[in-house]
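Working through the structure, step by step
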Amino acid sequence: MAIKDDETIRAHWRCFVACGLMVLSPFQYGLDFGLIGGMQAMPGFLRIYGHPAPDTPTGWNISTVRQQLITSLMTLGAFVSSGTAGVVAAKFGRKSCLWMGCLGCVVSNVIMMTTTDINALYIGRLLNGLANGYFMTFSQLFIQESSPAKYRGLFLTAFQFCTSFGTLIGTIVDWATATRPDRSAYLIPLGLIYIIPLFLAIGLFFIPESPRWLILQDRIEEGTKSLKWLRPTGAPVDIEVAEIKAAIDKEREMGSQVGILDMFKNPIDRRRTVLAVCGVTLQAATGSMFIISYKAYFFTMAKVANPFAMGCVLSAIGLFAIVLNSLIVVRYGRRRVLLMGGLGLCGILQLIVAIVYDKNPGAKSTGEVLVALSCLYMMSYNGMVATYAWLCGGELPSQRLRSYTFGLAAAVAFFAAWLTTFTAPYFINPDSLNWGPRYGYIWFPSSTVAGIWVYFFLPEVQGRTLEEIDEMFEEKIPARKFRAYKCIRRLAMDEKPVVQHEE
């Protein structure tokens, strides 16, 4: 079923350019988290939206409710836009939806930069979330649908790399401006948010639409043209188009309609939907959003020396883990094993952080241990969990329902992220429960449960084409037998040329 692809990266350069443009979207998402998380520990920001608090390390604090809404409204907006992605994708292509995201991002940032009213800031954060939901959903759909199977894991690793790189850049900028006493402390970082939408909006004019989306819309000629642009010169594009169309037709025979309820009507589609949703949500099970969103505030309240610098170190360590992943793990690693290992390590490290702080809160040595353990946590999360969680959500849905299923998976993941960012201030803010790092007690059991789920239910699809994945689900192969399964249609396709050339 699959076409053998021995071409080099240089031969696939156009596909790398297109997918390289797509990974600007997660960079923007990560940049936002890096910037907003740090702002909540800036005196210049807190003078506008916070209140004096002499007992805190900075002399300022922000109310729990405001802290919740500023951070969580972005993920709530992403939840809404991702949840409606399937409906929108039925009418508009991946590029059109990304253009909408660019527009929404610019409008939201204008609101955030020109206001000093907390309610207007809330509106800006919500609009920003709607835009980021489109960025994260439709850029990944484009990558999944346009990249060859052999490079799909690499592109998704690059996707996660850019998310973390954006977070690092946002954290560094916050560090550079944090000591400014006026509004410029946070206005300068917010000004960066305009850059990526501008580059992305222009770049989209120079790449084709997703070929699988075009073929799904029965625009075969346009889909073929798109695939020819994305594949190396002389590649057997007509065969790949025929395979994609045959897989879509096969799915349509199983369920002729394409809608929200169709994700659950057919047992095969239902299984794929549940796996995609649970796979993406594995990120939330580790408590990652708590550390990513509030690291500067978290370190500040835990009395860690130079919290902004330590936030930069944490982001840089996470970035290093993704580079290591792209060099070693993408080529040699098994995703199920990596996910289980990563979830286990994240849970144990969260537990140790909580115990260490519980025994000796506020001490300098405790702060140093917290930073070290947090760095190990980010290594485990970025290197073994984050990349593969998103990869599951894009690879496992059926062809005809991919927009709906991945949109739902992303929406549930954003909802879980919203729940974490919304509730975290109750636990870590001195004005509320003041748990601080003790919050890690919650994430050890959730990580353990997630690891057990991966072992029993998540299939291994590394190196498989989307059409091969379709076949394995149609054959109802158990999760732990996916890796060894030989695809019948692929064997038939590989043997066919041999028969044709017999004398």
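Because the structure is a prediction, the values reported are computed rather than measured. (Residues numbered from 1 in each chain as written. Predicted model: local features only at pLDDT ≥ 70, side-chain atom pairs only at ≥ 80, totals over all residues. Heavy atoms only, no water.)

Next up on the list: the overall build of the protein. Across its full length, the protein holds 23 helices and two strands. For 503 residues, the compact-globule estimate of 2.2 N^0.38 gives 23 Å, and the C-alpha radius of gyration of the protein, at 23 Å, lies within 12% of that figure. Dimensions of the protein along its principal axes, counting C-alpha atoms only, are 90 × 45 × 40 Å. In the protein, buried positions account for 59% of the 503 residues. Residue pairs in contact within the protein that sit at least 24 positions apart in sequence constitute 79% of those at least 6 positions apart. Surface exposure of the protein reaches about 19700 Å², of which carbon and sulfur atoms provide 67%. Here the protein contributes 45 positively and 36 negatively charged side chains, and the mean placements of these two sets differ by 5 Å. (Helix = DSSP H or I, 4+ residues; strand = E, 2+ residues; numbered from the N terminus. Rg over C-alpha atoms; globule rule 2.2 N^0.38 Å. Buried < 20%, exposed > 50% of the residue type's maximum accessible area, 1.4 Å probe, protein only. Contact = heavy atoms within 4.5 Å. Areas by Shrake-Rupley, 256 points an atom, 1.4 Å probe, with all protein chains shown as cover. Lys, Arg positive; Asp, Glu negative; His and termini not counted. Charge placed at Lys NZ, Arg CZ, Asp CG, Glu CD.)

On to the packing of aromatic side chains, then. Summed over the entire model, instances satisfying the criterion amount to 21 aromatic pairs. Seen from their ring centres, Tyr 29 and Phe 414 are 5.8 Å apart, and the 65° between their planes marks the pair as edge-to-face. Here Phe 414 lies in helix α20 (residues 402–428) and Tyr 29 lies in helix α2 (residues 24–39), a separation of 385 residues in the sequence. When sorted by exposure, Tyr 29 lands in the same class as Phe 414, which is buried. (Phe/Tyr/Trp six-rings, centres within 6.5 Å; stacked < 30°, edge-to-face > 60°.)

We now examine the confidence of the model for the protein. Residue-level pLDDT values for the protein average 84, and 92% of them are 70 or greater. Below a pLDDT of 50 lies the segment residues 493–503, which in the model reaches four contacts outside its immediate sequence neighbourhood of four places, other chains included. (pLDDT = per-residue confidence, 0-100.)

Further remarks concern the side chain of Asn 382. Examined against the element boundaries, Asn 382 turns out to sit in helix α19 (residues 364–395). A relative accessible area of 2% means that Asn 382 is categorised as buried. Here the side chain of Asn 382 touches Ser 164 through a polar contact of 2.9 Å, side chain to side chain. Here Gly 318 takes part through its backbone oxygen, which lies 3.1 Å from a polar atom of the side chain of Asn 382. With residues near it in sequence (within four places) discarded, Asn 382 still touches Gln 160, Ser 164, Gly 318, Leu 319, Ala 321, Ile 322 and Thr 387. (Polar contact = N/O pair within 3.5 Å; in protein donor to acceptor, adjacent residues only side chain to side chain.)

Further remarks concern the pattern of salt bridges. Once the charged atoms of two side chains with opposite charge are near each other, the side chains can pair. As enumerated under the stated definition, the model contains eight salt bridges in all. Of the charged contacts, one joins Arg 212 and Glu 467 as a salt bridge, the two residues approaching to 3.1 Å between their closest N and O atoms. With Arg 212 in helix α11 (residues 211–216) and Glu 467 in helix α22 (residues 466–474), the pair connects residues that are 255 residues apart, well separated along the chain. Owing to a relative accessible area of 6%, Arg 212 belongs among the buried residues under this scheme. (Salt bridge = Lys/Arg side-chain N within 4 Å of Asp/Glu carboxyl O.)

What follows is about the packing of helix α7 (residues 118–146) against α19. In the contact formed by α7 and α19, the axes pass within 10 Å of each other and the chain directions differ by 70°. Classified by the angle their axes make, α7 and α19 are roughly perpendicular. The chirality of how α7 crosses α19 is right-handed. Residues Met 136, Gln 140 and Gln 144 of α7 touch α19, and the partners they reach there are Trp 390, Leu 391, Gly 394 and Glu 395. Of the residues contributing to the contact of α7 with α19, the split by class is three nonpolar, three polar and one charged. (Axes fitted to C-alpha atoms, helices over the stretch in contact; angles between N-to-C directions. Parallel < 35°, antiparallel > 145°, perpendicular 65-115°, else oblique. Left-handed = near helix turned anticlockwise from the far one by under 90°. Nonpolar A, V, L, I, M, F, W, Y, C, P; charged D, E, K, R; others polar.)

Buried within helix α12 (residues 220–230) are the following residues: Gly 223, Thr 224, Ser 226, Leu 227 and Leu 230. Along the long axis of α12, the arc covered by the buried residues comes to 160°, so they all point the same way. Residues Glu 221 and Lys 225 are exposed on α12 and point more than 90 degrees away from its buried face. (Arc of directions from axis to C-beta.)

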